[in-house]
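# Coordinate inspection notes
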Amino acid sequence: MSQLAGGPLMVVGGRGPICVLIVDDDARVRSAMRTFLLAHQEFQVVGEAGCPASAVRIAEETAPSVAIVDVLMPAERDGLSLLKVLTERGIPVVAMSLNNACADNAIAAGACAFLAKDGCSELLVSALLAACRQDG
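What counts and what doesn't
- Residues numbered from 1 in each chain as written.
- Predicted model: local features only at pLDDT ≥ 70, side-chain atom pairs only at ≥ 80, totals over all residues.
- Heavy atoms only, no water.
- Buried < 20%, exposed > 50% of the residue type's maximum accessible area, 1.4 Å probe, protein only.
- Helix = DSSP H or I, 4+ residues; strand = E, 2+ residues; numbered from the N terminus.
- Pairing = 2+ DSSP bridges.
- Arc of directions from axis to C-beta.
- Contact = heavy atoms within 4.5 Å.
- Right-handed = clockwise from strand over helix to strand, strands pointing away.

When you tally the buried positions in strand β5 (residues 66-70), you get five out of five residues, the bulk of the element. Here β5 shows two buried faces, one formed by Val66, Ile68 and Asp70 and the other by Ala67 and Val69. Strand direction decides the pairing type here: strand β3 (residues 18-23) and β5, joined by four bridges, are parallel. Looking across to β5, one finds that leucine 21 is bridged to alanine 67. Two strands pair when backbone bridges link them, and β5 and strand β6 (residues 93-97) are joined in this way by four bridges, in the parallel orientation.

This brings us to helix α2 (residues 52-62). Of the residues making up α2, those classed as buried are Pro52, Ala55, Val56, Ile58 and Ala59. The buried residues of α2 occupy an angular sector of 170° when projected down its axis, which confines them to one face. Structural note: α2 exposes Ala53, Glu60 and Glu61 on the side pointing more than 90 degrees away from its buried face. Those residues of α2 that are buried lie in contact with β3, β4 (43-49) and α3 (78-88). A positive backbone phi angle near 45° is found at alanine 63, which sits one or two residues after α2.

Right, let's talk about the pairing of β3 for a bit. Counting buried positions over the six residues of β3 gives six, a clear majority of the element. Because side chains alternate across β3, one face comprises the buried residues Ile18, Val20 and Ile22, and the other comprises Cys19, Leu21 and Val23, equally buried. Relative to β4, β3 runs parallel, the two sharing six bridges. Within β4, the position partnered with isoleucine 18 by the bridge is phenylalanine 43. Note on the crossover from β3 through helix α1 (residues 27-38) to β4: the handedness is right-handed.

Here it is as structure tokens:
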């Protein structure tokens, strides 16, 4: 079982795995996130999308507990627009980017947290769990 702050991580509210949607235009990043999350029994990846349109469709089909969204996809504001759409639909979002300068915009758009892609590791687990607690 994963450890965080000296104690085991529990499934949020005892409701089963946390269903995660991963949205990033880079397939390698999506694959790495999926692999990372699969190593943590409290998470289940229910979908991956490389663009906002696919992300909205997958979110409608799978009703994820939380989404991880790259806020700087090919069209610079695509990720921020998607973030707003998902949060308006009640899906908490953890925003990520290689550019830390967009953190304030991501939080203003409704993200529960912002993580730098180059150093998220275990921070991702705690951010996803916190996002689900805020929503529930």
